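# Reading the structure
Chain by chain, the residues run as shown.
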Amino acid sequence: MPVVSIEHLHVHYGPIHAVRGISLEIPQGEVYGFIGPNGAGKSTTIKVLATLLPNFTGTARINGIDVAANPRAIREQIGYMPDFFGVYEDLNVREYLHFFAAAYRIPRKQRKTVVGNVLELTDLTHKISDQVDSLSRGMKQRLALARVLLHDPQLLLLDEPASGLDPRARIEVRELLKALTEMGKTILISSHILHELAHLCTRVGIIEAGQMVAQGSLEDIYRQLQLMRIVHVRLVGADEAVLEKIREIEGVENVEQQVDRIAIRLRDNPAAVETLHESLCSLGVRIHMFQPEAMDMETAFMKLTEGKTA
Amino acid sequence: MMRGSLALFTRGLRVDCRRWPMHLLRFLLVGAFLFFLFVAWANSRLEIGTAPGLMFFSLISYTNFVFITLAGTSFFTSSITEEKEEQTLGLLKMAGVSAVGILLGKLGPRLINALLLLAIQYPFVQLAVTLGGILPRQIQATYITLAGYIVLMSGMGLFCSVVAARTRSAVALMHTIIWMPLLLQLLLWITRSSGGTGPLMQAAQDRVGWVSIWSVVGRLQSVMMIGFSGGAVGIQFYAHLVGGAAAFLLAWLCFERFTRQPHTPGPERGGRLLRVRGGLRLRALPMALFVVIPGLAIVFLAFSWFRGDLQNGFDSVPHEWVLWESIGLAALVPLGVLLVSVLSPGSRRGAIGGCWPGVLAPAWKDLNFVSGGAIGLAFRMTLYSLITAMLVFLIDFSGASWSWTTLGGWMLGIGILAGTMELASNIGRGFRTEIQWQTLPGLMLLPRSVAALGWSKVLGGILALIPVGIFTAIGASLFFTSVWESLSSPFDSSNPETAVFVMMIPLQMGLHLILFVELSAFFALTVRWGYVALAFISSFFLYVVGSWGMAMVMMIVGMRTRGGPGGALILSQLTTIVVLSTMIVVTYFGIGRKLRHLAGQS
């Protein structure tokens, strides 16, 4: 049974149709990256799972429990970290964590140990007596994560956990998430920092204007994007006749003459790049440059999305 | 300067047009006036009083006075602090808008709005002249008085807004500024009544009277008198105009000094007071009281016994003793708390772990960090002890015959009023801080219902009422005999309708207070500032319409159908109770809905 199961999720904010029929499943122990431009519906979907948005259609289940029907049971099993720092600045770190530990009904005798453990995990032990308002942004983010971990939830819903952090703090958060993954937590994480998700996630879902554009492992998504793979070549003495011959090569969708290169767009064929190279050689042209466009998360994101919002 | 000022001015007017609480206020004001017209008409039908026009106009005038006072403590006090809280004041300065430009641009729209609200009434209240009992000159004098008062309140509100870092602090400062002249007037009156006369004393009393808000009440009283022959413009108008201008000037002079530092978006930060407040655990207070109260009781009993005061019973104890005991309690409670914190390491923070479990955790947090914790409770104990001492002194001073019942009556009345206001403020702040700190989603994710979360906030607010609760309980116990007598006398009468009617009064009052507290919580989730004022106005309006209105309607109906008002009065009370109960239920679910909505939106 998947930990998270969403089917045909629709969410409306008044006249705005924010989420339009999203479906996804996240099995136990997986780190699922949720990618999309601002306003795509990522946070809304996460809030539905966090039981904060009761008005939706479709089904959303966590460990088989319906989110709409039994939100209190869901809250025992999830830890949700929003994309802003929601911390009481009057309290110190110890009071803050003890407060939430008490609120989660952790027995008084165990609280000190539990708080100590999450502080150690988030590397905040030395800040235990500091006022929350004196912490840096990165530390506040780690404190928020420590709060989320207090009741040892099985599923973590992390909405932009690294947004607004400096590079060092981002790396620290990333390392922390890796540690949580190793502890077997199932994580749903949304982020704009795409290459970080590439390092962390076992699967990603790309969402735009409330719709899932693509989802699967990174390899699956790259494979899907082969359809639009571009190879940049620079040929010595290439004229219109050569370009016409290239257009006739099997697997070539179109050929575009640019200022200093030729951009060759290939059809869906895993071996198309290699075939193209062989074909160009057989045409007898001298190849000065042959560069398939690098496929990474940012490229995939840019190719799959158009910057639309719901 | 003018360009920036005008830009701010235009924006201010636009924003006010878009704010629904402003429209709600206008709607409530218009609704109140229509209702007063109905009351005047009903009075003439029932042949109560001889001047319905005067009654109609008096009600409108005093309602305006209350509205302006509440606006002064909420509407005007946020003019600059809202820019500080939104961290946009620095941007305005960087855009080249001068200090006076910002002040004019921010205060202007609010002042114009308030004055327009007054001006628009003017043609309609001429109706009072046709109803009889009032002259156009009196109407002119009243509206000029109120206009002067608006200018004074706007100036003082602006000054508080400049000086304070947050709207909440500005409101507190404004209250202090309003109450200080009143207290000073009281002290001068006491001194003068004690024989402290002389030209200097008289002059001081006059000067304080000019800036005191009581001068408005005094002026309105004299204007409303039949046969008023004074001028339309009184000295109060000039005094308030000068006072308003002086406050504006002072705000201008202070502007740079108090807006130099940038402000953070969260609620009020740190500071020594906060550190001290957070440095003590709740257990410090009962430990201190455990020493102070028995100590004072022993001293009280020992001296009374020694002097033989107790031989004729408790009533024969000289009231001076109550005075000194109250002052002693006021002084010893904070000292005791400090002493306990020094002697007992366990009473200080550091070894915390005593947060109450489960649903009680938010109550623990609110009690400690919103209502002031041990220090806040000790402060309020001191305050209510001082109020008791002041009551004893004033009862004695006014020449009224001393009795425990009189003291108990005052304590009970003040306790209920202060307790209700405190509860509304505590619960409202409890919710407001969650929104300001963006912590509501974290709380809503706790594995419990929204209702449980709301009730834990209520509990936190109620626990902070321990000082006022003790004060009220002592008052109630002293007053108990006479209350019981007044309650039991209707039951002895042959008319059962009166007994039922009397029984319904405390129920109706209790429901009204609950509605007020609920509305404070609801508005705290809805508006950024002035939620207690808005709740006060709304619940007052509902109370007036719900009780007076229903009473009037039912009396007319009852007199027509049954020939007497007795049954109709009960029916009117019953209708009011049903209306209030419905409103309480609706607001309760409204709060839950709002909490869910805010948690989802943040």
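These lines cover the structure that appears in this document, whether it is placed above or below. (Residues numbered from 1 in each chain as written. Chains lettered and ligands numbered in written order. Predicted model: local features only at pLDDT ≥ 70, side-chain atom pairs only at ≥ 80, totals over all residues. Heavy atoms only, no water.)

### Regarding the pattern of salt bridges
- Per the stated rule, a full pass over the model turns up 20 salt bridges over all chains.
- For the salt bridge of A:Glu244 with A:Arg247, the shortest nitrogen-to-oxygen distance reads 3.3 Å. Here A:Glu244 pairs with A:Arg247, and both are found in helix α9 (residues 240-247), just 3 residues apart, close to one helical turn.
- When its relative accessible area of 38% is taken as the criterion, A:Glu244 is described as partly exposed.
- What makes A:Arg247 partly exposed here is its relative accessible area of 33%.
- Put simply, B:Glu83 and B:Lys106 hold a salt bridge, and the shortest N to O gap is 2.7 Å. Here B:Glu83 is found in helix α4 (residues 81-85), whereas its partner B:Lys106 is found in helix α6 (residues 99-119), with 23 residues between them in sequence. The exposure classification of B:Glu83 matches that of B:Lys106, with both residues buried.
- Through salt bridges with shared partners, a single ionic network connects B:Arg11, B:Glu82, B:Glu83, B:Lys106 and B:Arg110. (Salt bridge = Lys/Arg side-chain N within 4 Å of Asp/Glu carboxyl O. Helix = DSSP H or I, 4+ residues; strand = E, 2+ residues; numbered from the N terminus. Buried < 20%, exposed > 50% of the residue type's maximum accessible area, 1.4 Å probe, protein only.)

### A look at the environment of B:Ile474
- For B:Ile474, the location among the structural elements is in helix α22 (residues 466-492).
- Each C-alpha atom, one on B:Ile474 and one on B:Leu407, is 9.7 Å from the other, the two residues being 67 residues apart in sequence.

### Section: empty space enclosed by the protein
All names here are of chain B.
- All chains considered together, the criterion is met by 5 cavities of 30 Å³ or more.
- Considering only enclosed or pocket space, the largest cavity measures out at about 100 Å³ in volume.
- Along the wall of the largest cavity there are 13 residues; nearest its centre are Ala 32, Phe 67, Ile 537, Phe 540 and Phe 541.
- Those elements that place two or more of their residues in the lining of the largest cavity are α2 (20-46), α3 (52-74) and α24 (531-561). (1 Å grid on protein atoms, 1.4 Å probe; cavity = no way out; pocket = protein on both sides within 12 Å on 5 of 7 lines; lining within 4 Å. Points joined across faces, edges and corners; volume = space filled by probe spheres on them.)

### A short note on the side chain of B:Thr472
- Among the structural elements, B:Thr472 can be located in helix α22.
- In this view, B:Thr472 contacts B:Met411, B:Leu412, B:Gly415 and B:Ile416; residues no more than four positions away in its chain are not counted. (Contact = heavy atoms within 4.5 Å.)

### Brief notes about the packing of helix α10 (residues 167-193) of chain B against helix α18 (residues 373-397) of chain B
Residues and elements named next belong to chain B.
- Axis separation between α10 and α18 bottoms out at 12 Å; the angle between their running directions is 40°. By the angle between their directions, the pair α10 and α18 is classed as oblique. In the crossing of α10 with α18, the sense of the turn from one axis to the other is left-handed. When α10 is examined against α18, the residues Leu 186, Trp 189, Ile 190 and Ser 193 are found in contact with a partner set consisting of Phe 393, Leu 394 and Phe 397.
- Its residues assigned to classes, the contact of α10 with α18 shows 6 nonpolar, 1 polar and no charged. (Axes fitted to C-alpha atoms, helices over the stretch in contact; angles between N-to-C directions. Parallel < 35°, antiparallel > 145°, perpendicular 65-115°, else oblique. Left-handed = near helix turned anticlockwise from the far one by under 90°. Nonpolar A, V, L, I, M, F, W, Y, C, P; charged D, E, K, R; others polar.)

### Concerning the pairing of strand β6 (residues 78-81) of chain A
Residues and elements named next belong to chain A.
- Side-chain alternation along β6 places Ile 78 and Tyr 80 on one buried face and Gly 79 and Met 81 on a second face that is also buried.
- In terms of strand pairing, β6 meets strand β7 (residues 155-159) through 4 bridges, oriented parallel. Residue pairing across strands places Tyr 80 opposite Leu 157, the latter belonging to β7. (Pairing = 2+ DSSP bridges.)

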